[in-house]
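Okay, here's what each chain looks like letter by letter:
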Amino acid sequence: MGNYLVAMEAAWLVRDVEEIDDAIGVAVSEAGKRLNSEDMDYVEVEVGATGCPACGEPFDSAFIAADTALVGLALEMEVYNADGEEHASRIAKSEVGGALRDVPLSVVEVVEVPEDE
C-alpha cells in the first residue's frame, strides 16, 4: 500500500463571459464551491496550462467563443493506502467525479509520494 499524488484535468464551461480572466475566476470559484460543499477542501484547484504549439511556452488553458468559455482546470489530491497507481487513479477520479458531476475529468499524472519516517 502506498500514497500517491494524483493530478487530473477538468473541462469547465462558463457562460456569459467576455474576458479570459473572468472565465478563469468563475471556473476556479465554481469548482472550489462544489468540492467544498462535499467537504473535499483537500483537492487543489487551479487553472491548467497548455503549451503553445509554436514556441512551447505554457499559457492558461482557456478559450472564449460566443461569450462562452472552456476552461481547463488542474486538480490535485493525495490518495493514501492505494494498491498502486491505477488504484489511486480510480479512487481520485471517483471522489472528484462524484462532486463535479457532468464535468469531463481525466487523470494526467500519478506520482508515488514517499512515506515520512
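Every value quoted in this text rests on a predicted model; they were computed, and no experiment measured them.

Student: Honestly, the overall build of the protein in this entry has me stumped. Any pointers?
Tutor: When helices and strands are tallied, the protein shows 2 helices and 7 strands. Starting at the N terminus, the α and β elements of the protein follow one another as β-α-β-β-β-β-β-α-β. Dimensions of the protein, computed from C-alpha atoms along their principal axes, come out at roughly 50 × 35 × 20 Å. Taking all 117 residues of the protein together, the buried fraction comes to 34%. Put simply, 73% of the contacts in the protein that link residues at least 6 apart link residues at least 24 apart.

Student: What's the story with the nonpolar core in this structure? I'm lost.
Tutor: The tendency in soluble globular proteins is for nonpolar side chains to be buried as a group. Core analysis: the largest hydrophobic core is formed by 31 residues, its most contacted members being Val71, Leu75 and Val96. A total of 7 residues in this core trace back to one element, the largest contributor, which is strand S6 (residues 68–82).

Student: Help me understand the pairing of strand S5 (residues 62–65), please; the structure alone is not making it clear to me.
Tutor: A regular strand places its side chains on the two faces of the sheet in alternate fashion. Bridging between S5 and S6 involves 4 bridges; their strand directions are antiparallel. Each residue of the ladder has a partner; that of Ile64, found in S6, is Ala69. The turn linking S5 back onto S6 is made up of 2 residues, and Ala66 within it adopts a positive phi angle of 55°.

Student: Even after reading the chapter, I still don't get the confidence of the model for the protein, so can you show me in this structure?
Tutor: Here the protein shows a mean pLDDT of 93. Residues at 70 or above account for 98%. Put simply, strand S3 (residues 49–51) is where the protein has its lowest mean pLDDT, 88, and strand S1 (residues 2–15) is where it has its highest, 96.

Student: Help me out: how do you make sense of helix H2 (residues 85–99) in this one?
Tutor: Residues three or four positions apart in an α-helix share a direction because the helix packs 3.6 residues into each turn. The terminal C-alpha atoms of H2 lie 22 Å apart, and with 15 residues this matches the ideal 21 Å at 1.5 Å per residue to within 8%. Buried-residue contacts for H2 involve S1, helix H1 (20–37), S6 and strand S7 (105–113).

Student: Just to check I follow, could you spell out the environment of Val110 for this structure?
Tutor: Considering the arrangement of structural elements, one finds Val110 in strand S7. By relative accessible area, which is 17% here, Val110 ends up buried. Separated by 102 residues in sequence, Val110 and Met8 have C-alpha atoms that sit 8.9 Å apart. Non-local contacts of Val110, meaning those with residues more than four positions away in its chain, are made with Tyr4, Leu5, Val6, Glu85, Ala88 and Ser89.

Student: Quick question: what am I supposed to make of the state of the cysteines here?
Tutor: As used here, a disulfide is simply a covalent bond connecting the sulfur atoms of two cysteines. Enumeration according to the criterion identifies 0 disulfides in this entry. Not engaged in a disulfide, the cysteine Cys52 finds its nearest cysteine sulfur in Cys55; these two sulfurs lie 3.6 Å apart. Under the relative-accessibility criterion, Cys52 is labelled partly exposed at 23%. Relative accessible area serves as the criterion here: at 52%, Cys55 is assigned to the exposed category.

Student: It is not clear to me how unusual backbone geometry should be interpreted in this structure. Could you clarify?
Tutor: Residues other than glycine predominantly adopt negative phi, and peptide bonds predominantly adopt the trans conformation. A positive phi angle, near 55°, is found at Ala66, a position not held by glycine. With respect to the secondary-structure elements, Ala66 resides in the loop between S5 and S6. Even without glycine at this site, Asp67 takes up a positive phi of about 60°.

Cut-off values and rules
- Residues numbered from 1 in each chain as written.
- Predicted model: local features only at pLDDT ≥ 70, side-chain atom pairs only at ≥ 80, totals over all residues.
- Heavy atoms only, no water.
- Helix = DSSP H or I, 4+ residues; strand = E, 2+ residues; numbered from the N terminus.
- Buried < 20%, exposed > 50% of the residue type's maximum accessible area, 1.4 Å probe, protein only.
- Contact = heavy atoms within 4.5 Å.
- Core = buried A, V, L, I, M, F, W, Y, C linked by side-chain atoms within 4.5 Å.
- Pairing = 2+ DSSP bridges.
- pLDDT = per-residue confidence, 0-100.
- Expected span 1.5 Å × (residues − 1).
- Disulfide = S-S within 2.5 Å.

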